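Here is what each chain is made of, one letter per residue.
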Amino acid sequence: MSELQAPKKPKQGRGRLAAVAPAPKVEEVPKNLAEADAERIVDMSFKVPEPFRRDYKMVATAHGMSMVALLREGFELWKEKNGIAD
């Protein structure tokens, strides 16, 4: 049988920088930020204790809501309670 060998270490680059898109001009930045897509869906990853998740899911299901809909409604109520305007 032949012996297994450790994989070879990748070779280091020769000081070359990867191609990077040029930074936007200063006057374009505020416009660029204002054009964020309000309807784009993104992930929110956070961990909660299993009993909380189970209870949260049961409450959402019992009221015919998705967990996301319950999160959104709860967040809107919290903002209203704490005087935070949109």
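This one's a predicted model, so the numbers in the text were calculated from it and none came from an experiment.

To continue, consider the overall build of the protein. On a plain count of helices and strands, the protein comes out with three helices and zero strands. Starting at the N terminus and ending at the C terminus, the protein contains elements arranged as α-α-α. Taking all 86 residues of the protein together, the buried fraction comes to 5%. Surface summary for the protein: the accessible area is close to 9,300 Å², and the carbon and sulfur share equals 59%.

Let's shift gears to the packing of aromatic side chains. Per the counting criterion, the structure on display carries two aromatic pairs. Note on phenylalanine 75 and tryptophan 78: the rings are 6.4 Å apart at their centroids and 10° apart in plane angle, and the pair reads as stacked. Placement of both phenylalanine 75 and tryptophan 78 in helix α3 (residues 67–81) is noted, with a separation of three residues, approximately one turn of the helix. Phenylalanine 75 sits in the partly exposed class, given a relative accessible area of 44%.

Time to look at the side chain of lysine 79. Within the fold, lysine 79 resides in helix α3. Lysine 79 gets classed as buried once you look at its relative accessible area, which sits at 10%. A distance of 3.3 Å separates polar atoms of two side chains, one belonging to lysine 79 and the other to glutamate 76. Beyond its immediate sequence surroundings of up to four residues, lysine 79 is in contact with Ile84 and Asp86.

Close contact between helix α2 (residues 50–62) and α3 brings their axes to 9 Å; oriented N to C, the two are set at 95°. The angle between α2 and α3 places the two elements in the roughly perpendicular class. Contacts from Tyr56, Lys57, Val59 and Ala60 of α2 reach α3 at Met67, Leu70 and Leu71. In terms of residue class, the contact of α2 with α3 is built from six nonpolar, no polar and one charged.

This next bit is on the confidence of the model for the protein. Of the residues in the protein, 79% reach a pLDDT of 70 or more, and the chain-wide mean stands at 83. Here helix α1 (residues 29–34) stands out as the element of the protein with the lowest mean pLDDT, 64, in contrast to α2, whose mean of 97 is the highest.

Together, Met44, Phe46, Val48, Phe52 and Leu71 give the surface a local cluster of nonpolar side chains, amounting to about 530 Å² of exposed area. With respect to the helices and strands, methionine 44 occurs in the loop between α1 and α2. Residue classification places methionine 44 among the exposed positions, given a relative accessible area of 60%.

The subject of this paragraph is α2. Given a rise of 1.5 Å per residue, 13 residues ought to cover 18 Å, and the 18 Å separating the end C-alpha atoms of α2 matches this to within 8%. Within two residues after α2, glycine 64 carries a phi angle of roughly 65°, on the positive side.

Parameters and conventions
- What you see as residue numbers is a count from 1 along each chain, following the sequence as written.
- Totals for whole chains, interfaces and linings use every residue, but because this is a predicted model, local features are given only for residues with pLDDT of at least 70 and side-chain atom pairs only at 80 or more, for both listing and counting.
- Only hydrogens and water are set aside when side-chain values are computed; all heavy atoms of the structure are taken into account.
- Here a helix means four or more residues in a row that DSSP labels H or I, a strand means two or more in a row labelled E, and each is numbered from the N terminus.
- Burial here depends on accessible area, computed with a 1.4 Å probe over protein chains only, as a share of the maximum for the residue type. Under 20% is buried, over 50% is exposed, and the range in between is partly exposed.
- To measure how exposed things are, a 1.4 Å probe is used in the Shrake-Rupley method; for residues, cover is taken only from the protein chains shown.
- Stacked, tilted and edge-to-face are the three classes assigned to paired rings of Phe, Tyr and Trp, where Trp is represented by its six-membered ring and a pair needs centres within 6.5 Å; plane angles under 30 degrees give stacked, over 60 edge-to-face, the rest tilted.
- By the criterion applied in these results, polar contacts are pairs of N or O atoms within 3.5 Å in which, for protein atoms, one can donate a hydrogen and the other can accept it, and in which residues neighboring in sequence qualify only through two side-chain atoms.
- It only takes one pair of heavy atoms within 4.5 Å for two residues to be counted as in contact.
- Working convention: axes come from line fits to C-alpha atoms, limited for helices to the stretch in contact. Angles between N-to-C directions cover 0 to 180 degrees.
- Any angle between 65 and 115 degrees counts as roughly perpendicular, while under 35 counts as roughly parallel, over 145 as roughly antiparallel, and the rest as oblique.
- Each residue is assigned to one of three groups, with Ala, Val, Leu, Ile, Met, Phe, Trp, Tyr, Cys and Pro labelled nonpolar, Asp, Glu, Lys and Arg labelled charged, and all others, Gly among them, labelled polar.
- You can read pLDDT as the predictor saying how much it trusts each residue, on a scale of 0 to 100.
- What makes a patch is a set of residues exposed beyond 30% relative accessible area and free of salt bridges, joined within 9 Å when like-charged and within 5 Å when nonpolar (Val, Leu, Ile, Met, Phe, Trp, Tyr).
- When a carboxyl oxygen of Asp or Glu is within 4 Å of a side-chain nitrogen of Lys or Arg, the pair counts as a salt bridge.
- For a helix, the expected span equals 1.5 Å multiplied by the number of residues minus one.

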